[in-house]
Each structure stands twice: as structure tokens, then as C-alpha cells.
Amino acid sequence: MIRIPFLRYLLERVTSLCFGPSWFARLGGASALTYMVEHYPFQFIRGNLNRIIESLIEVIIGMVDEISSGAVDMAIGALIVLQKRMLTVSFSSLDMRKNDTSYNFNCLFLSFF
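Residues numbered from 1 in each chain as written. Predicted model: local features only at pLDDT ≥ 70, side-chain atom pairs only at ≥ 80, totals over all residues. Heavy atoms only, no water.

In the nomenclature of an unreviewed UniProt entry, the protein chain corresponds to CAS_CSE1 domain-containing protein from the organism Heterorhabditis bacteriophora.

A.B. asks: For the environment of Tyr40, give the residues involved together with the corresponding values.
C.D. replies: Secondary-structure assignment places Tyr40 in the loop between helix H2 (23-39) and helix H3 (42-47). Judged by relative accessible area, which is 17%, Tyr40 ranks as buried. Setting aside its immediate chain neighbours within four residues, Tyr40 contacts Leu7, Leu10, Tyr35, Ile45 and Arg85. (Helix = DSSP H or I, 4+ residues; strand = E, 2+ residues; numbered from the N terminus. Buried < 20%, exposed > 50% of the residue type's maximum accessible area, 1.4 Å probe, protein only. Contact = heavy atoms within 4.5 Å.)

A.B. asks: Residue-level account of the side chain of Ser55, with values.
C.D. replies: Counting through the fold element by element, Ser55 comes out in helix H4 (residues 49-62). Note on Ser55: relative accessible area 1%, which makes it buried. If we skip the residues at most four places from it in the chain, Ser55 touches Thr15, Cys18, Phe19 and Leu33.

A.B. asks: Explain the nonpolar core to me, and be specific about the residues and the numbers.
C.D. replies: When a protein is soluble and globular, its nonpolar side chains tend to lie buried together. One finds Leu33, Met36, Phe44, Ile45, Ile52 and Leu56 to be the most contacted residues of the largest nonpolar core, which totals 21 residues. Of all the secondary structure elements, the ones that give two or more residues to this core are helix H1 (5-18), H2, H3, H4 and helix H5 (71-96). It is H5 that provides the largest number of residues to this core, a total of 5 residues. Residue contacts for Leu56: discarding those within four places in its chain leaves Ala30, Leu33, Ala75, Ala78 and Leu79. (Core = buried A, V, L, I, M, F, W, Y, C linked by side-chain atoms within 4.5 Å.)

A.B. asks: Tell me what's going on with the environment of Ile4, and back it up with residues and numbers.
C.D. replies: Along the chain, the position of Ile4 falls in the segment before H1. The spatial distance from the C-alpha of Ile4 to the C-alpha of Phe44 is 9.4 Å, given a sequence separation of 40 residues.

A.B. asks: An account of the pattern of salt bridges is requested, with residue identities and associated values reported.
C.D. replies: Under the defined criterion, the tally for this structure stands at 1 salt bridge. Two residues, Arg26 and Glu58, come together in a salt bridge whose shortest N-O distance is 3.6 Å. In this pair, Arg26 sits in helix H2 while Glu58 sits in helix H4, placing the two residues 32 residues apart along the sequence. (Salt bridge = Lys/Arg side-chain N within 4 Å of Asp/Glu carboxyl O.)

A.B. asks: I'd love a proper account of a nonpolar patch on the surface, names of residues and values included.
C.D. replies: A cluster of nonpolar side chains, Ile4, Phe6 and Tyr9, forms an exposed patch at the surface whose accessible area comes to about 340 Å². As for its placement among the helices and strands, Phe6 is situated in helix H1. (Patch = residues over 30% accessible without salt bridge, like charges linked within 9 Å, V, L, I, M, F, W, Y side chains within 5 Å. Areas by Shrake-Rupley, 256 points an atom, 1.4 Å probe, with all protein chains shown as cover.)

A.B. asks: Give me the lowdown on the packing of H1 against H4, citing residues and values where you can.
C.D. replies: Helix packing geometry: the angle between the two helix axes and the distance between the axes. Packing of H1 against H4 brings their axes to within 8 Å, and their N-to-C directions diverge by 25 degrees. By the angle between their axes, H1 is roughly parallel relative to H4. For H1 against H4, the interelement crossing comes out left-handed. Together, Leu11, Glu12, Thr15 and Cys18 of H1 and Arg51, Ile52, Ser55, Glu58 and Val59 of H4 make up the contact between the two elements. Along the lines of polarity and charge, the residues of the contact of H1 with H4 split into 4 nonpolar, 2 polar and 3 charged. (Axes fitted to C-alpha atoms, helices over the stretch in contact; angles between N-to-C directions. Parallel < 35°, antiparallel > 145°, perpendicular 65-115°, else oblique. Left-handed = near helix turned anticlockwise from the far one by under 90°. Nonpolar A, V, L, I, M, F, W, Y, C, P; charged D, E, K, R; others polar.)

Structure representation (C-alpha cells):
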């Protein structure tokens, strides 16, 4: 896991936006998480996966009864991007280690959860 203090601080601040009371704070948090999932290193995303998913689900649950502001759509889009990125990296690593059967089974099994 990448332990750069600035990235850890940035992730804490962005995820705290997702728990904010206003729709524009949640929209900003969801769009920032989308950017982070797309462009930040895989190890950083994998190491903070629980926090990222928890924040995006909070945006979806917290904005269900509100007038549509795009925050829910942004959070759903971020979850889709996150799913594609995690599955793509998992399956590409399977191709590199075809001879190691235990690794292949673990990657295949974990990629579905």
C-alpha cells in the first residue's frame, strides 16, 4: 500500500465530503473519487478500497430522497469505473502468472467479490 502522507490526507478530505450535508459537497466528493479511481496507482486504490466504496455508497444512500443533482449518477459512475479497474487489473495479472495455479484461483475467486 502506498503510504504517502499527502495522498492519505487528500483521500481523507475527499471521503469526508461524501458524508457532508449538502448535495454539492457530496457531488464534489463523488467526482473527486472518480478521478482518483481512474488516475491514481492501483496499490493506493486497492489499499483504500473499503473507504472509497463506503463513501460512494453513502452518497447514494444520502441523496436518494433529494432532488436529482447528479451526485447519485456520479457515485454510480464511480462505482462502475472502480469495478472495471479492479477486474481489469485482476484479470491482466492472471495472464502474467498462468503457471501458478494457486495464484490464478485466488485472483479469479477474489475478483468476483
